[in-house]
Protein chains: 2
Amino acid sequence: MNQQVEICEVSPRDGLQNESVVLSTEVKLELIRRAIVAGARRIEAVSFVNPKRVPQMADAEDVMAGVDRSLGVSYIGLVMNERGLDRALAAGVDEINAVVVATDTFCGRNQGMTTAEACDVAATLVDRAREAGIGTSITIAAAFGCPFEGDVSAERLDDVIARVVDAGADEIALADTIGVGVPAQVTERLGLLARRAGEGVARRLHLHDTRNTGVANAVAGVAAGVDVLDASIGGVGGCPFAPNATGNVATEDLVYTFDRSGITTGLDQAGLIESAGWLEEQIGRRLPSSLLRAGPFPG
Amino acid sequence: MNQQVEICEVSPRDGLQNESVVLSTEVKLELIRRAIVAGARRIEAVSFVNPKRVPQMADAEDVMAGVDRSLGVSYIGLVMNERGLDRALAAGVDEINAVVVATDTFCGRNQGMTTAEACDVAATLVDRAREAGIGTSITIAAAFGCPFEGDVSAERLDDVIARVVDAGADEIALADTIGVGVPAQVTERLGLLARRAGEGVARRLHLHDTRNTGVANAVAGVAAGVDVLDASIGGVGGCPFAPNATGNVATEDLVYTFDRSGITTGLDQAGLIESAGWLEEQIGRRLPSSLLRAGPFPG
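This text gives an overview of the structure that appears in the document. This structure is a prediction, so every number in the text was calculated from the model and none was measured.

1. What to know about the overall build of chain A
Counting its regular elements, chain A contains 12 helices and 8 strands. At 17 Å, chain A has a C-alpha radius of gyration in line with the 19 Å of a compact globule built from 299 residues. Across its three principal axes, chain A shows a C-alpha extent of roughly 50 × 40 × 35 Å. Here the analysis covers contacts within chain A between residues at least 6 apart in sequence; of these, 72% occur between residues at least 24 apart. Put simply, chain A has 26 plus and 41 minus side-chain charges, and the middle of one group is 3 Å from the middle of the other.

2. What to know about the relation of the copies chain A and chain B
For these two chains of identical sequence, chain A goes onto chain B by a turn of 180° and a shift of 0.0 Å along the axis, with RMSD 0.0 Å. Overall, the copies show the geometry of a two-fold rotation axis. The rotation axis passes nearest to the C-alpha of A:Ala216 in chain A, at a distance of 1.9 Å. Of the interface residues in chain A, 100% have counterparts in chain B that sit at the interface too, so the contact is made through matching surfaces.

3. Considerations on the side chain of B:Asn212
Relative to the helices and strands, B:Asn212 is located in the loop between strand 7 (202–207) and helix 9 (214–223). Classification of B:Asn212 by relative accessible area gives buried; the value is 6%. A distance of 2.9 Å separates polar atoms of two side chains, one belonging to B:Asn212 and the other to A:Asp209. Those residues in contact with B:Asn212 that sit more than four places away from it in its chain are A:Asp209, A:Asn212, A:Val215, A:Asp253 and A:Ser290.

4. Some points on the interface of chain A and chain B
Listed as interface residues are 33 residues of chain A and, on the opposing side, 33 residues of chain B. Regarding the contact of chain A and chain B, the summed buried area is about 2500 Å², with carbon and sulfur atoms giving 57% of it. In terms of surface lost to chain B, no three residues of chain A exceed A:Arg211, A:Asn212 and A:Phe297, which account for 28% of the buried area on that side. Summed over the shared surface of chain A and chain B, the result is 2 salt bridges. Linking A:Arg260 and B:Asp151 is a salt bridge whose minimum nitrogen-to-oxygen distance equals 3.0 Å. The set of elements that each furnish at least two residues to the side of chain A that touches chain B consists of helix 8 (183–197), helix 9 (214–223), helix 10 (251–259) and helix 12 (290–294) of chain A. For the side of chain A that touches chain B, the residue count by class is 16 nonpolar, 12 polar and 5 charged.

Cut-offs and rules
- Residues numbered from 1 in each chain as written.
- Chains lettered and ligands numbered in written order.
- Predicted model: local features only at pLDDT ≥ 70, side-chain atom pairs only at ≥ 80, totals over all residues.
- Heavy atoms only, no water.
- Helix = DSSP H or I, 4+ residues; strand = E, 2+ residues; numbered from the N terminus.
- Rg over C-alpha atoms; globule rule 2.2 N^0.38 Å.
- Contact = heavy atoms within 4.5 Å.
- Lys, Arg positive; Asp, Glu negative; His and termini not counted.
- Charge placed at Lys NZ, Arg CZ, Asp CG, Glu CD.
- Least-squares fit on C-alpha atoms with pLDDT ≥ 70 in both.
- Buried < 20%, exposed > 50% of the residue type's maximum accessible area, 1.4 Å probe, protein only.
- Polar contact = N/O pair within 3.5 Å; in protein donor to acceptor, adjacent residues only side chain to side chain.
- Buried area = accessible area lost by both parts, 1.4 Å probe.
- Salt bridge = Lys/Arg side-chain N within 4 Å of Asp/Glu carboxyl O.
- Nonpolar A, V, L, I, M, F, W, Y, C, P; charged D, E, K, R; others polar.

Read these as geometric descriptors, not functional statements.
Following this line, the structure appears as structure tokens:
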């Protein structure tokens, strides 16, 4: 098993985008600042998508203008098309993340095209971002199951992985967008990714804890050699176009597990828990984090 | 990895004992009936303890008098002393479960004696139960951490395991009573148990999901060859003498994970989820089950 794993903090983007309460830019910047103080060095900060579809992200440029650029933190902006990429480049993100949904039905609902078409778009975005000198990743959404088509077979996913690898990003993420994956799938599907992608491409896992498998899947991911895990403070998160896609796995729940397992994340449990409580107050609803409720151990 | 694992349904005893709402005997019998319909063949039904300390269990004799004995289900009664054993034998349980807490402080609070003394008591209970022709198990509580002493070292636990093995029960359980364990500990500690106990003794794991590690720990347990996992419908449960010891891992959350991993439990997800909703209504508070909220997948 790896003795360390990088955790990418996604609360400012995937965490918040599905929240009906639109937070101020100042609160988003405070969330980012808190994540950094707790040790985060890679943060999915914003998305450059249609503000009519995702109002929470309408202030993406303002958020990017407000973040501290002196700390060596890499700020990621999600982009779905070239217009979004133009905005991301103008806003000065350090990396872009493009998305390809593994099933045609969900891809159509999410971005109005087939999976194959989304792969072509992602390839263009990656090419242009690389020319601009910034980092690139592609997330394969619904890699463990689709809310509309149900199971996603390993064969289907492997085909999508092959297309995504051809797009040439620095990093490829498998996303359990609706929280249906189990550890056996994580092992299998990270294996497919490793076989297709080769050593030079980082492997990342994006987990939701909808069916209580988030921590188990993360542990299986680390055992399978994953480089990066996405997580969100408080377990906030969801996808507006995926029914019941509650909560990213909570950063503090992962850090608790890894701290007690001798796996280094560079993150501070106590700071994360305190910030999860703060975020809960900002959002005004109970967040699913377990560590926020139970506290660390030993205390 | 095992291709099957037995799940022991503990909602009627460990699940309910910490609930402030005392359920009627009829509701408890309905819970047991529902577990059986969903496939449970081993049920921790009652405890024979001081009703002043655990009022929820005051009707243990009535529950045992009401359960269906024609279905091949093994009903377990928890006993702490010889008086409890007398009651259990008179009530006709199929198995007794005795408890030894791994730390002296917690053992003192739970049963008024040291760990070593509790081992002696358990040995006596096992001897007498075996003479009476019924099954026996001993649970080592706080095997992954103690609310009063903090970490429980592998060396301490190994000493306790050695004493418990000498007591000669059919089965030994390691209990994460306060939900602090992580998968790496499960692997380590089940290894200690396997080395001490030998082939003839069944190995069982009792998990609480307090810090979101329950499913991950169960998966690690199956990978390490555990024979039996305890779980409770709805994730109901706790220990009145252990602060913040919320929720056994939910039976339906485990069954979801195992169903999608090709591991057989003999339990029916849909029936468990329906019963978790029913139990939530009986208790009148939100239960922590994830499957109850999210539903199965594919639907």
